[in-house]
Amino acid sequence: MGKFDHKDLLGIGQLSVEDISLILDTAESLKEISTRDIKKVPALRGKSVVNFFYEPSTRTRISFEMAAKRLSADTVSISASGSSLVKGETLKDTARNLQAMNPDIIVLRHSSSGAPHLLAMEVSAGVINAGDGINEHPTQALLDMFTIRERKGRLHDLDVAIIGDISHSRVARSNILGLTKMGARVTVSGPPTMMPVEIEALGATLVSDPVKALKDKDVIMMLRIQLERQNKTLFPTLREYSSFFGLTMRLVREARGDVIIMHPGPLNRGVEITSEVADSPYSVILDQVTNGVAVRMALLYLLIGGSKGDNAD
Amino acid sequence: MGKFDHKDLLGIGQLSVEDISLILDTAESLKEISTRDIKKVPALRGKSVVNFFYEPSTRTRISFEMAAKRLSADTVSISASGSSLVKGETLKDTARNLQAMNPDIIVLRHSSSGAPHLLAMEVSAGVINAGDGINEHPTQALLDMFTIRERKGRLHDLDVAIIGDISHSRVARSNILGLTKMGARVTVSGPPTMMPVEIEALGATLVSDPVKALKDKDVIMMLRIQLERQNKTLFPTLREYSSFFGLTMRLVREARGDVIIMHPGPLNRGVEITSEVADSPYSVILDQVTNGVAVRMALLYLLIGGSKGDNAD
Amino acid sequence: MGKFDHKDLLGIGQLSVEDISLILDTAESLKEISTRDIKKVPALRGKSVVNFFYEPSTRTRISFEMAAKRLSADTVSISASGSSLVKGETLKDTARNLQAMNPDIIVLRHSSSGAPHLLAMEVSAGVINAGDGINEHPTQALLDMFTIRERKGRLHDLDVAIIGDISHSRVARSNILGLTKMGARVTVSGPPTMMPVEIEALGATLVSDPVKALKDKDVIMMLRIQLERQNKTLFPTLREYSSFFGLTMRLVREARGDVIIMHPGPLNRGVEITSEVADSPYSVILDQVTNGVAVRMALLYLLIGGSKGDNAD
């Protein structure tokens, strides 16, 4: 088994096929810890993980916190609201200050694309990008790939459709980078105003008509309509968006019979996905959440320097 | 000693006399841990407790957090403010997402009556109701009963008066249910606008005049005037409320000579209780806080599946 | 080696020369824990530390939290925002309630001078003042003295200049008290509107002209311009403040050749200090942050009752 030779996890772009396989394999071996009676191993005892969330994201923060605690690491959380660390201070100075307290890992969620890269240059601690602006959300893509591999047995030679606001989605971006790297074929679909011009350069195929985009797919990945982030002119009404691009059982039937349906959460039921689909046997949405903890355990473990042989309790 | 045969603690209504006795006995045996030099036993090592507070309540959250940590459980806290878990997501979806991360216990404080019951139906983790709307606050009632039993040696055959805004008080409701079940007699008093119509159905006796209500009581339980929650028309002025229903030493003398005085906190000194009373030897208000940690330790312990024999360090 | 014979750390004013030396020596021996592979010793296992921050201060809270965790203590954090513990309750009642839960240490940051002293009178737990109003910030002064001693080998017979808004700075006040007690000479400088009238009574020398104030100094300590706290009439413009009292390399050259430059952070780059100075080899600003964790570990350790001999892992 290979070694993970990175200080930071900033994006899927930086990872090789071997890196991704190593992360997924490590996550696979760590996943059962969360189902044990005593959900804790001493692997990262005495290590400090700082969860630094400029943007609120309870879901992702809790996943990282649980992952760290199940490996016995200590966690400290910083949220932007009321953070005087942030006031009147550049990110660079904040980074240096955090580093001065000797953390092992800093998990950063930030509204500006590239913020984790800046942080990583300033600190010797490992940096994990927990979502930066509209750039990348690599841990989401890794947990998505983990979930697909778990269900399909492989990533290569699969047909994946990603539907929604591709141009503003760091989830889409990280998944396109990762899935194509691993040998899957990615088709994207959504309103023309939500498609980046350079989408084909990323390696994905654009099919405007969602009925055609879903044809014979192994995996459907729905994106969340960011109601709060959306420029209202991107589509006329939610109802109209929903009637064209919302995932219904009728659309699901265009895909393969054993298709799996994914969503990064939280769900806007009745907007990008109907409840019938979200709660159907095709849905692996809650597996994604479970696997998120395992993948984050793997990343903390690999970045802090474990090698795959010695993670047993 | 019996076994605690519940997945959740949603309300006092669900508990039998044996259940309540088991909880109080377990709390009694765990209480001394908090007075040790090393205030920690490994009973719940590797267990995850999520403290989910939609309504802020620092006091109750800290009590649960300390209880969990003294049993070596890991804790994760979610507050409503800034919780994206909550945004655009039903409680049902939030519940399923939390469950997907394999917590052992979810402690829920929520402004809607019945929210913990909904959560409990969706998750296999144990759910503890830390106060839901105007419905129940079972851990408060249990710590109150613990405190009474500790001081009086029993619960049955005691005369208890509860004074204040009975109709909006989940504390009153849980205590009436618990105390009557355990064989105490409960008298309630307060302004007519604060009395629920169905009070006698709960098993309590309504006595409008507080002087008469306190006559020969063993226990006086004062309720907090929820200044922020109160519909201002329920009584003309605070001063008037206070002059009729505020607990003074003159009123205390109506009760038995060995009466104990309780309050769930935080105190509005000079409103529902004078400082002279709150700080008198009759007051067991701070014992209630101390016992709250012990009772919550007992509940975490029993719900996660311990049996009373094996909790020793 | 002596013993630390205090229940609380409320201010530098209460400490003897021997106390300060003991704290700094203990910090020195604990500092290397943060550089270990496993940054944790069991010294305070089973102890509870409550971090109670009425005023937000992410930097100081994290430093205390890391310090506590590296000694294996359990931590619970309370922030003022949304703290119902605070609502309608006196600090005295809050104190008694916290005490009822048996914490070992309460760390208090409060906007009112004297709040930690009031807390300390009410609780048997140790109280650490993490900054109270414009009174004291003793842990900052201790980490500053630690840093100076680490660099200069001593505190006595050093010349220290403190520049900025002396009259509103608890950092300045604690440092003047500590440094003069330890045998250093302190010169202060800043706009006349920012100088307390009784400055000489504290033992410092006032030199209005910053050029003269910095002459032959061993240590320059710059204070943060509290942009949010400042009454705007204290100086005409930031630009003007900066041009007179902002630390530039030109001003640094007035001091000794081996001068060290300190700042409690966060930096207002280009206001009280230029980037050239802050990032120069003279700057020990990040050492201060690192040493803050060590000094707070020492205080937690000494207040909870350790003696210097038995802190080894």
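Description of the structure in this document.

Rules used throughout
Along each chain, residues carry numbers from 1 onward, in the same order as the chain's sequence is written. The lettering of chains begins at A and the numbering of ligands begins at 1, in the order of writing. Side-chain atom pairs in this predicted model are given and counted only at pLDDT of 80 or more, local residue features only at pLDDT of at least 70, and totals for whole chains, interfaces and linings cover all residues. In computing side-chain values, all of the structure's heavy atoms are included and hydrogens and water are not. For the purposes of this entry, the term helix denotes a DSSP run of H or I that reaches at least four residues, the term strand denotes a run of E that reaches at least two, and both are numbered from the N terminus. Only protein chains enter the accessibility calculation, which uses a 1.4 Å probe; a residue whose area is less than 20% of its type maximum is buried, one above 50% is exposed, and one in between is partly exposed. It only takes one pair of heavy atoms within 4.5 Å for two residues to be counted as in contact. Classification of ring pairs rests on two measures: the distance between centres of Phe, Tyr or Trp rings, Trp counted by its six-membered ring, which must be within 6.5 Å, and the angle between planes, read as stacked under 30 degrees, edge-to-face over 60 and tilted in between. Charges are assigned to positions over rings by a cutoff of 6 Å between ring centre and Lys NZ or Arg CZ, combined with an angular limit of 35 degrees from the ring normal. In this scheme, strands are said to pair when DSSP sees at least two bridges between them. Throughout, the accessible surface (probe 1.4 Å) given up by two parts as they are put together, summed over both, is called the buried area. Salt bridges are defined as contacts in which a side-chain nitrogen from Lys or Arg sits within 4 Å of a carboxyl oxygen from Asp or Glu. Pairing of N or O atoms within 3.5 Å defines a polar contact, subject to two protein rules: one partner must be a possible hydrogen donor and the other a possible acceptor, and residues neighboring in sequence count only if both atoms are side-chain atoms. Note on residue classes: Ala, Val, Leu, Ile, Met, Phe, Trp, Tyr, Cys and Pro are nonpolar, Asp, Glu, Lys and Arg are charged, and everything else, Gly too, is polar. Alignment of copies: least-squares fit on C-alpha atoms of residues with pLDDT of at least 70 in both copies. In this charge count, Lys and Arg are treated as positive and Asp and Glu as negative; neither His nor the chain ends contribute. A helix is expected to span 1.5 Å multiplied by its residue count minus one. In this analysis the probe radius is 1.4 Å and the grid spacing 1 Å, with only protein atoms considered; a cavity is a set of points the probe fits into but cannot get out of, a pocket is an open set with protein on both sides within 12 Å along at least five of seven lines, and lining residues have an atom within 4 Å of a point. Grid points are joined across faces, edges and corners, and a volume is the space filled by probe spheres set on the points. Each axis is a line fitted through C-alpha atoms, taken for helices only over the stretch in contact, and angles between the N-to-C directions span 0 to 180 degrees. Here a crossing is taken to be left-handed if its near helix is turned anticlockwise relative to the far helix by less than a right angle, and right-handed if that turn runs clockwise. Within this scheme, the nonpolar core is defined by two criteria: the residues are buried Ala, Val, Leu, Ile, Met, Phe, Trp, Tyr or Cys, and they are joined through side-chain atoms within 4.5 Å. Convention used here: a crossover is right-handed provided that the path from the first strand, over the helix, to the second strand proceeds clockwise when the strands point away from the viewer. Reported orientations rely on four angle classes, namely roughly parallel under 35 degrees, roughly antiparallel over 145, roughly perpendicular from 65 to 115, and oblique for the rest.

Concerning the environment of B:Asn102
Turning to step 1, where the next piece is worked out: Here B:Asn102 shows up in the loop between helix H3 (91-100) and strand E3 (105-110).
Turning to step 2, where the next piece is worked out: Of the residues examined, B:Asn102 reaches a relative accessible area of 21% and is grouped as partly exposed.
Turning to step 3, where the next piece is worked out: Residues B:Asn102 and B:Glu55, 47 residues apart in the sequence, show an inter-C-alpha distance of 23 Å.
Turning to step 4, where the next piece is worked out: Each residue touching B:Asn102, except ones within four places of it in the same chain, is listed here: A:Ser34, A:Lys39, A:Arg70 and A:Thr290.

Some thoughts on the packing of aromatic side chains
Turning to step 1, where the next piece is worked out: Within the structure shown, the criterion is met by 9 aromatic pairs over all chains.
Turning to step 2, where the next piece is worked out: Seen from their ring centres, C:Tyr241 and C:Phe245 are 5.7 Å apart, and the 35° between their planes marks the pair as tilted. On the criterion of helical spacing, the pair formed by C:Tyr241 and C:Phe245 is a turn pair, its members being 4 residues apart in helix H8 (residues 238-245).
Turning to step 3, where the next piece is worked out: Residue C:Phe245 is classed as buried on the basis of its relative accessible area, which comes to 9%.
Turning to step 4, where the next piece is worked out: Through successive ring pairs, a cluster of aromatic residues spans A:Tyr241, A:Phe244 and A:Phe245.
Turning to step 5, where the next piece is worked out: Looking at A:Arg296, its charged tip hangs above the ring of A:Phe64, at a distance of 4.9 Å from the centre.

A few points about the sheet that holds strand E9 (residues 260-262) of chain C
Turning to step 1, where the next piece is worked out: Spatial strand order, E7-E6-E5-E8-E9 (chain C): 5 strands in an open sheet with parallel pairing. On the outer flanks of this sheet lie strand E7 (205-206) and E9 of chain C, each paired with one strand and no other.

Section: the interface of chain A and chain C
Turning to step 1, where the next piece is worked out: Facing the 26 residues of chain A at the interface are 26 residues of chain C.
Turning to step 2, where the next piece is worked out: Of the roughly 2,400 Å² buried between chain A and chain C on both sides combined, carbon and sulfur atoms contribute 51%.
Turning to step 3, where the next piece is worked out: Counting every contact that joins chain A to chain C gives 6 salt bridges.
Turning to step 4, where the next piece is worked out: Salt-bridge contacts for A:Arg96 lead to C:Asp279; the nearest nitrogen and oxygen are separated by 3.1 Å.
Turning to step 5, where the next piece is worked out: At the boundary of chain A with chain C, the tally comes to 14 residue pairs in polar contact (both at pLDDT 80 or more).
Turning to step 6, where the next piece is worked out: For the side of chain A that touches chain C, the secondary-structure elements that each account for two or more residues are strand E1 (48-53), strand E2 (74-79) and helix H3 (91-100) of chain A.
Turning to step 7, where the next piece is worked out: Among the residues forming the side of chain A that touches chain C, the class breakdown is 8 nonpolar, 10 polar and 8 charged.

Considerations on the relation of the copies chain A and chain B
Turning to step 1, where the next piece is worked out: Each copy of the sequence occupies a distinct position, and chain A is placed on chain B by a rotation of 120° and an axial shift of 0.1 Å, giving an RMSD of 0.0 Å. Here the copies are linked by what is in effect a three-fold axis.

Some details on the side chain of B:Glu272
All names here are of chain B.
Turning to step 1, where the next piece is worked out: Summarising the element assignment, Glu 272 is placed in the loop between strand E9 (260-262) and helix H10 (275-278).
Turning to step 2, where the next piece is worked out: Buried charge without a salt bridge: Glu 272, with Arg 224 as the nearest opposite-charge side chain at an N-O distance of 5.1 Å.
Turning to step 3, where the next piece is worked out: A distance of 3.4 Å separates a polar atom in the side chain of Glu 272 from the backbone nitrogen of Ile 225.
Turning to step 4, where the next piece is worked out: With residues near it in sequence (within four places) discarded, Glu 272 still touches Met 222, Leu 223, Arg 224, Ile 225, Tyr 241, Phe 245, Gly 246, Leu 247, His 263, Pro 266 and Leu 267.

Considering helix H6 (residues 170-181) of chain B
All names here are of chain B.
Turning to step 1, where the next piece is worked out: Here H6 contains 12 residues, and its C-alpha end-to-end distance of 17 Å stays within 8% of the 16 Å for a straight helix at 1.5 Å per residue.
Turning to step 2, where the next piece is worked out: Within H6, 9 of the 12 residues are buried, which leaves it mostly tucked inside the rest of the structure.
Turning to step 3, where the next piece is worked out: Turning to H6, the residues buried within the fold contact E3, strand E4 (126-132), helix H5 (138-152), strand E5 (159-163), strand E6 (185-189) and strand E8 (219-222).
Turning to step 4, where the next piece is worked out: Capping the start of H6 is the job of one residue whose side-chain oxygen sits 3.3 Å from the backbone nitrogen of Val 171: Ser 169.
Turning to step 5, where the next piece is worked out: Immediately downstream of H6, the backbone of Gly 183 shows phi near 95°, a positive value.

Quick word on the interface of chain A and chain B
Turning to step 1, where the next piece is worked out: Taken together, the contact pairs 26 residues of chain A with 26 residues of chain B.
Turning to step 2, where the next piece is worked out: Buried area between chain A and chain B, both sides added, is near 2,400 Å², and the carbon and sulfur share of it is 51%.
Turning to step 3, where the next piece is worked out: Considering only the side of chain A, the residues that lose the most area to chain B are A:Thr58, A:Arg59 and A:Met66, jointly responsible for 21% of the buried surface there.
Turning to step 4, where the next piece is worked out: The tally of links between chain A and chain B comes to 6 salt bridges.
Turning to step 5, where the next piece is worked out: Taken together, chain A and chain B are joined by 14 residue pairs in polar contact (both at pLDDT 80 or more).

Here we look at empty space enclosed by the protein
Turning to step 1, where the next piece is worked out: Tallying each qualifying case throughout the model produces 5 cavities of 30 Å³ or more.
Turning to step 2, where the next piece is worked out: A volume near 50 Å³ is recorded for the largest cavity.
Turning to step 3, where the next piece is worked out: As for the largest cavity, its lining consists of B:Lys39, B:Met66, B:Lys69, B:Arg70, C:Ser48, C:Asp74 and C:Val76.
Turning to step 4, where the next piece is worked out: Mapped by element, the contributors of at least two residues to the lining of the largest cavity are helix H2 (58-70) of chain B together with strand E2 (74-79) of chain C.
Turning to step 5, where the next piece is worked out: The dominant element in the lining of the largest cavity, judged by the number of residues it contributes, is H2(B), at 3 residues.
Turning to step 6, where the next piece is worked out: Class assignment of the residues belonging to the lining of the largest cavity gives a composition of 2 nonpolar, 1 polar and 4 charged.
Turning to step 7, where the next piece is worked out: The volume enclosed by the second largest cavity comes to roughly 40 Å³.
Turning to step 8, where the next piece is worked out: Forming the boundary of the second largest cavity are A:Met66, A:Lys69, A:Arg70, B:Ser48, B:Asp74, B:Thr75 and B:Val76.
Turning to step 9, where the next piece is worked out: Taken together, the elements giving at least two residues each to the lining of the second largest cavity come down to helix H2 (58-70) of chain A together with strand E2 (74-79) of chain B.

Looking at the packing of H5(B) against helix H11 (residues 285-304) of chain B
Residue and element names in this part refer to chain B.
Turning to step 1, where the next piece is worked out: Direction vectors running N to C along H5 and H11 enclose 115°, while the axes themselves pass 8 Å from each other. Remark: the crossing between H5 and H11 carries right-handed chirality. Across the interface between the two elements, Thr 139, Gln 140, Leu 142, Leu 143, Asp 144, Phe 146, Thr 147, Glu 150 and Arg 151 from H5 touch Asp 287, Gln 288, Asn 291, Gly 292, Val 295, Arg 296 and Leu 299 from H11.
Turning to step 2, where the next piece is worked out: Residue composition of the contact of H5 with H11, by class: 5 nonpolar, 6 polar and 5 charged.

Side note on the nonpolar core
Residues and elements named next belong to chain B.
Turning to step 1, where the next piece is worked out: Membership of the largest hydrophobic core comes to 87 residues, with the highest contact counts inside it found for Leu 142, Met 145 and Ile 162.
Turning to step 2, where the next piece is worked out: Among the elements that line this core, the one with the most residues is H11, at 12 residues.
Turning to step 3, where the next piece is worked out: Here Met 145 is in contact with Ile 12, Ile 20, Leu 24, Leu 155, Gly 178, Leu 179 and Met 182, once residues within four sequence places are set aside.

Digging into the pairing of strand E3 (residues 105-110) of chain A
Residue and element names in this part refer to chain A.
Turning to step 1, where the next piece is worked out: For E3, a buried count of 6 out of 6 residues is recorded, marking the element as mostly surrounded by other parts of the structure.
Turning to step 2, where the next piece is worked out: Relative to strand E4 (residues 126-132), E3 runs parallel, the two being bridged by 5 bridges. Pairing of Leu 108 across the sheet is with Asn 129, part of E4.
Turning to step 3, where the next piece is worked out: The parallel pair E3 and E4, bridged by helix H4 (residues 115-122), forms a crossover whose chirality is right-handed.

A word on the packing of H11(B) against helix H3 (residues 91-100) of chain C
Turning to step 1, where the next piece is worked out: Following both chains from N to C, one finds H11(B) and H3(C) inclined at 40°, their axes separated by 8 Å at the closest point. Considered as vectors, H11(B) and H3(C) are oriented oblique to each other. Two packed elements cross with a definite hand, and for H11(B) against H3(C) that hand is right-handed. Each of B:Leu286, B:Val289 and B:Thr290 in H11(B) lies in contact with H3(C), whose residues at this interface are C:Arg96, C:Asn97 and C:Ala100.
Turning to step 2, where the next piece is worked out: Here the contact of H11(B) with H3(C) is composed, by residue class, of 3 nonpolar, 2 polar and 1 charged.

Observations regarding the pattern of salt bridges
Turning to step 1, where the next piece is worked out: Evaluation of the coordinates by the stated rule reveals 69 salt bridges over all chains.
Turning to step 2, where the next piece is worked out: Between A:Arg269 and B:Asp93 there is a salt bridge, and its shortest N-O distance comes to 2.5 Å. Of this pair, A:Arg269 sits in the loop between strand E9 (260-262) and helix H10 (275-278) while B:Asp93 sits in helix H3, placing the two residues on different chains.
Turning to step 3, where the next piece is worked out: On the basis of relative accessible area, A:Arg269 is assigned to the partly exposed category, the value being 25%.

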